[in-house]
Amino acid sequence: MARFSLVFALLSSLLLGSCGFHLRGDLPLSHFPAMYIQSERHSELAALLSSRLEYNKVELLSSYQQSAPMLQLVSDTLERRTLSLFPNGQVAEYELIYKVRYALTMPDGEPQPYEFELFRDYQDDPNQALAKAKELELMLGELRQQAANRIMRQLSRLH
């Protein structure tokens, strides 16, 4: 019985490997041996992207070189829109909108702009201001993680 489960596990992994399946975070970026990231100083999104690129064996360049692609993080902003109010007129619920604009410049090419928005609902409670501020900070961190994942998926689709 143990032998059967071992053979089954080996065949399953062989099948998954041959169909092009990759674990999350392990993206085929062999067409990007090196890359320069241009962003605002201390950008948290740029730091996330840098660590993901390094994990995927992409060399990060310290300065722009025309022979390597450049990923320019143009902006990442958080906006909020009121969704509902308490009876006293205070905001009860917001919709958080995280907007990301970036451009990818391939060697000897023109910058290709990209942009997307991520949405989250956020319930506010003025009586729990400190806890809600921490929750908002955690949500923003999750939105940045999602944005970094989305940019990485986009990069993996380019050839």
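Here, the structure is the one placed above.
Residues numbered from 1 in each chain as written. Predicted model: local features only at pLDDT ≥ 70, side-chain atom pairs only at ≥ 80, totals over all residues. Heavy atoms only, no water.

J.: I'd like to hear about helix α3 (residues 129–157), residue by residue, with values.
T.: Its 29 residues give α3 an end-to-end C-alpha distance of 42 Å, which sits within 8% of 42 Å, the value for a rise of 1.5 Å per residue. Residues K132, M139, L140, L143, R144, A147, A148, I151, M152, Q154, L155 and S156 constitute the buried set of α3. Where the residues of α3 are buried, they touch β1 (34–38), α2 (44–55), β3 (70–85), β4 (91–105) and β5 (111–123). (Helix = DSSP H or I, 4+ residues; strand = E, 2+ residues; numbered from the N terminus. Expected span 1.5 Å × (residues − 1). Buried < 20%, exposed > 50% of the residue type's maximum accessible area, 1.4 Å probe, protein only. Contact = heavy atoms within 4.5 Å.)

J.: Help me get a handle on the sheet that holds β4, residues and values and all.
T.: Sheets are built from strands that pair by backbone hydrogen bonding, the pairs being arranged parallel or antiparallel. The strand order across the open sheet formed by five strands is β2-β1-β3-β4-β5, and the pairing between neighbours is mixed. Strands at the two margins of the open sheet, each flanked by one partner only, are β2 (59–60) and β5. Running at roughly 150° to β5, α3 makes contact with β1, β3, β4 and β5 of the sheet. (Pairing = 2+ DSSP bridges. Axes fitted to C-alpha atoms, helices over the stretch in contact; angles between N-to-C directions.)

J.: Please provide a residue-by-residue account of the side chain of E93, values included.
T.: Tracing the chain through its elements places E93 in strand β4. No salt bridge is formed by the buried E93. Its closest oppositely charged neighbour is K132, at 9.8 Å. Among residues more than four places away in sequence, those in contact with E93 are R81, T82, L83, S84, D121, Y122, Q123 and D124. (Lys, Arg positive; Asp, Glu negative; His and termini not counted. Salt bridge = Lys/Arg side-chain N within 4 Å of Asp/Glu carboxyl O.)

J.: Before we move on, could you go through the pairing of β5 and cite the residues and values that matter?
T.: Relative to β5, β4 runs antiparallel, the two sharing 13 bridges. If you follow Y98 over to β5, its bridge partner there is L118. Remark: five residues form the turn of the hairpin made by β4 and β5, two consecutive strands paired antiparallel; D108 in that turn has positive phi of roughly 55°.

J.: Tell me about the packing of α2 against α3, residues and numbers included.
T.: Contact pair α2 / α3: the axes reach a minimum separation of 9 Å and the direction vectors enclose 45°. On the basis of the axis angle, α2 is oblique to α3. Crossing of α2 over α3 shows right-handed handedness. Across the interface between the two elements, E44, L45, L48, L49, R52 and L53 from α2 touch R144, Q145, A147, A148, N149, I151, M152 and L155 from α3. For the contact of α2 with α3, the class distribution of residues is nine nonpolar, two polar and three charged. (Parallel < 35°, antiparallel > 145°, perpendicular 65-115°, else oblique. Left-handed = near helix turned anticlockwise from the far one by under 90°. Nonpolar A, V, L, I, M, F, W, Y, C, P; charged D, E, K, R; others polar.)

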